[in-house]
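An overview of the molecular structure
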Amino acid sequence: MARFVISRVFSIALTLAVIVTLTFFMMHSIPGGPFAQDKEVPPEVLRVLEAKYRLDEPLYVQYANYVKGLLVWDLGPSFQKIGVSVNDIIKQSMPASAKLGAVTFVFVLLIGIPAGIFSAVKRDSFPDQAIRFMATLGQTIPSFVLATLLIYIFSSRLRIFPTFGLRTWKHFVLPAIALGGYSLSFVTRLVRSSMLEAMGQDYIRTARAKGVPEFQVFFKHALRNSLIPVVTYIGPLIATVITGSFVVEKVFAIPGMGKFFVDSITNRDYTVLMGLTILDAILLCAAILIVDLIYGLIDPRIRVDK
Amino acid sequence: MTGGDRWEALPPELRLSEKIIRPSMTYLQDAWRRFRKNPTAMFGLVLVASIVLLALIGPAVSTHSYREQDLNRTNEPPGAEYIFGTDSLGRDLFVRVMTGGRISLLISFMATFISCAIGVVYGGLAGYSGGRTDNVMMRIVDIIWTIPLMLYAILLMMWLGTGLHNILIAIALVYWVNMARIVRGQVMNLKEQEFVLAALVQGASRWRILTRHLIPNSMGPILVTATMMIPGAVFTESFLSFIGLGISAPLASWGSLCSDSLGALRSYPYQLFFPAIFICAAMLGFNFVGDGLRDALDPRLRR
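Residues numbered from 1 in each chain as written. Chains lettered and ligands numbered in written order. Predicted model: local features only at pLDDT ≥ 70, side-chain atom pairs only at ≥ 80, totals over all residues. Heavy atoms only, no water.

What follows covers the overall build of chain A. Helix and strand counts for chain A come out as 13 helices and zero strands. Dimensions of chain A along its principal axes, counting C-alpha atoms only, are 85 × 55 × 30 Å. Per-residue burial for chain A yields a buried fraction of 47% across its 306 residues. Contacts in chain A between residues at least 24 apart in sequence constitute 70% of all its contacts with a sequence separation of at least 6. If you sum the accessible surface of chain A, you get close to 15,600 Å²; carbon and sulfur atoms cover 66% of it. (Helix = DSSP H or I, 4+ residues; strand = E, 2+ residues; numbered from the N terminus. Buried < 20%, exposed > 50% of the residue type's maximum accessible area, 1.4 Å probe, protein only. Contact = heavy atoms within 4.5 Å. Areas by Shrake-Rupley, 256 points an atom, 1.4 Å probe, with all protein chains shown as cover.)

All names here are of chain A. Under the criterion given, the structure shown has one cavity of 30 Å³ or more. When its volume is computed, the largest cavity comes out at roughly 40 Å³. Surrounding the largest cavity, Lys81, Ile89, Phe260, Asp263, Ser264, Asn267, Asp269 and Val272 form its lining. For the lining of the largest cavity, the element with the highest residue contribution is helix H11 (residues 257–267), accounting for four residues. When grouped by side-chain class, the residues that make up the lining of the largest cavity number three nonpolar, two polar and three charged. (1 Å grid on protein atoms, 1.4 Å probe; cavity = no way out; pocket = protein on both sides within 12 Å on 5 of 7 lines; lining within 4 Å. Points joined across faces, edges and corners; volume = space filled by probe spheres on them. Nonpolar A, V, L, I, M, F, W, Y, C, P; charged D, E, K, R; others polar.)

Attention now goes to the packing of aromatic side chains. Residue and element names in this part refer to chain B. According to the stated counting rule, one finds 16 aromatic pairs over all chains in the structure shown. Considering the side-chain rings of Phe109 and Phe286, the 5.9 Å spacing of their centres and the 80° angle between planes classify their relative orientation as edge-to-face. Taken together, the positions of Phe109 in helix H4 (residues 93–129) and Phe286 in helix H13 (residues 270–297) put the pair 177 residues apart, joining distant regions of the chain. On the basis of relative accessible area, Phe109 is assigned to the partly exposed category, the value being 36%. Consider the rings of Phe235 and Phe239, whose centres lie 5.8 Å apart with planes at 45°: the pair is tilted. Residue Phe235 and its partner Phe239 are both found in helix H11 (residues 219–242); the two are separated by four residues, about one turn of the helix. A relative accessible area of 23% means that Phe235 is categorised as partly exposed. Taking the relative accessible area as the measure of exposure, Phe239 reaches 1% and is therefore buried. (Phe/Tyr/Trp six-rings, centres within 6.5 Å; stacked < 30°, edge-to-face > 60°.)

Right under this line is the structure:
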């Protein structure tokens with residue numbers, strides 16, 4: 001087990017190093033530089049600006065400085081907002097994103113898993129077909145379409161839910177659906193198919209032959225094994241929630257990291273973009289690491305394989 | 001046989017009984033036969049075909065052009081002259097959605113094709129080389145696999161700048177890893193089989209074995225993965241265009257049309273509905289075709 005943990009931690013650390021390096025050099029080789037604007041900037045001003053943000057040093061020195069800053073979690077100043085650091089922006093925007101992300105996460109699992117189980121237990125019934133139809137549909141609607149449709153229907157027409165902000169529980173309903181719609185469909189289908197697969201296994205027949213009540217066969221024997229794939233999906237789920245939040249937060253005007261990310265694309269605020277990319281990558285890698293470890297714990301076959 | 005003579009010639013009508021009447025079918029014919037029997041897959045195929053046809057023919061038969069503005073008739077609801085209505089600059093939305101479809105589909109097909117080519121060659125080489133080369137190559141794939149790919153498509157777009165070619169490059173450069181993994185797995189399995197040994201004995205070069213024997217025999221999974229990549233590319237393209245990194249005006253794609261409609265969503269919701277419906281229909285169609293292809297080409301992969 002120790003070897004497994006060490007090898008996973010090592011490969012995640014390597015991945016993060018590659019991400020940081022790639023992001024840094026990509027952002028620093030964008031033609032025009034961060035201060036290129038529509039109107040010509042006088043060369044003297046440009047020189048002062050570059051000296052202020054230490055962009056006049058050789059690239060490898062800048063890279064070393066950036067990595068040094070990163071180690072003590074200092075992501076540098078914003079290029080566009082004067083006197084604001086990337087750390088400030090993250091500190092300010094993280095709570096909203098984290099809250100929305102957590103709500104979405106719980107929403108996806110709390111609805112997706114029971115729906116999948118129900119669909120598998122009542123296989124081929126009308127509710128099963130309805131759930132499968134919804135799940136197929138949910139996987140084809142992009143989050144930005146879902147978000148705008150929800151706003152149009154529930155905010156503009158029916159006026160049930162508010163359009164923007166995150167003040168009361170009502171504010172969370174529409175963004176969470178828009179953000180989690182795809183994952184909800186995916187989890188439902190995943191649970192359904194793995195539940196059906198588990199039901200075909202020999203140990204289920206054994207349990208039935210022993211005279212275990214049908215209810216227990218489903219929830220004690222089949223369910224336990226069919227939830228393992230759901231654990232694997234947690235990594236990709238966090239990835240979809242992070243990328244989905246770019247548009248969902250923008251559309252619902254939620255002051256979270258996703259909105260700042262998209263804004264920094266339009267403003268060409270490279271340090272903010274770089275910092276948020278790296279933060280998102282760290283979150284995702286941490287999630288993948290945790291999932292790997294949990295997976296190794298609950299399913300010993302994985303450890304043996306590697 | 002009756003009588004004593006066991007060597008008597010068979011009567012002509014019996015001679016045919018040994019012959020195989022059913023024509024032999026190639027792999028693809030067989031797959032097509034199975035595919036045709038799958039109603040969902042056929043529905044998907046019809047859906048995809050009609051969207052492609054509409055996108056190809058739509059702009060050609062319409063009397064309006066995608067960039068022609070009529071400032072006297074802005075934001076007109078769907079009607080007889082403009083069947084999808086007009087946008088805030090009085091451009092015909094039908095033509096714009098169809099032209100957008102051309103661009104979205106073109107990007108998706110091309111990006112999928114390029115990333116498939118990269119993935120097949122990379123995965124094939126890794127799988128066939130084996131050993132240390134394979135180890136290093138797949139380590140690289142593992143690292144890319146962990147990176148949130150959408151983030152990298154976004155960064156690449158920032159780096160390359162917006163525009164048709166750049167979107168293509170960004171999507172193609174980011175999404176080839178899945179294909180590489182699948183091809184590598186296939187090649188690893190196949191290279192131990194006797195027909196590869198036979199080719200080797202006959203003096204075939206490694207490159208010939210890879211391109212003539214291993215990759216053609218992995219065609220099923222390659223096709224399925226490629227079909228599944230197309231909706232992913234449609235989605236990525238529209239996502240990038242939606243956050244303002246894709247196609248720029250006056251050209252349009254489904255994503256940029258959705259994005260354009262946001263400002264006036266409350267008053268003119270139909271400007272969102274039409275491109276959105278086309279995105280969803282295309283994603284649905286390609287997903288159905290992909291599922292059907294998977295079942296038809298390789299029954300073992302069926303879930």
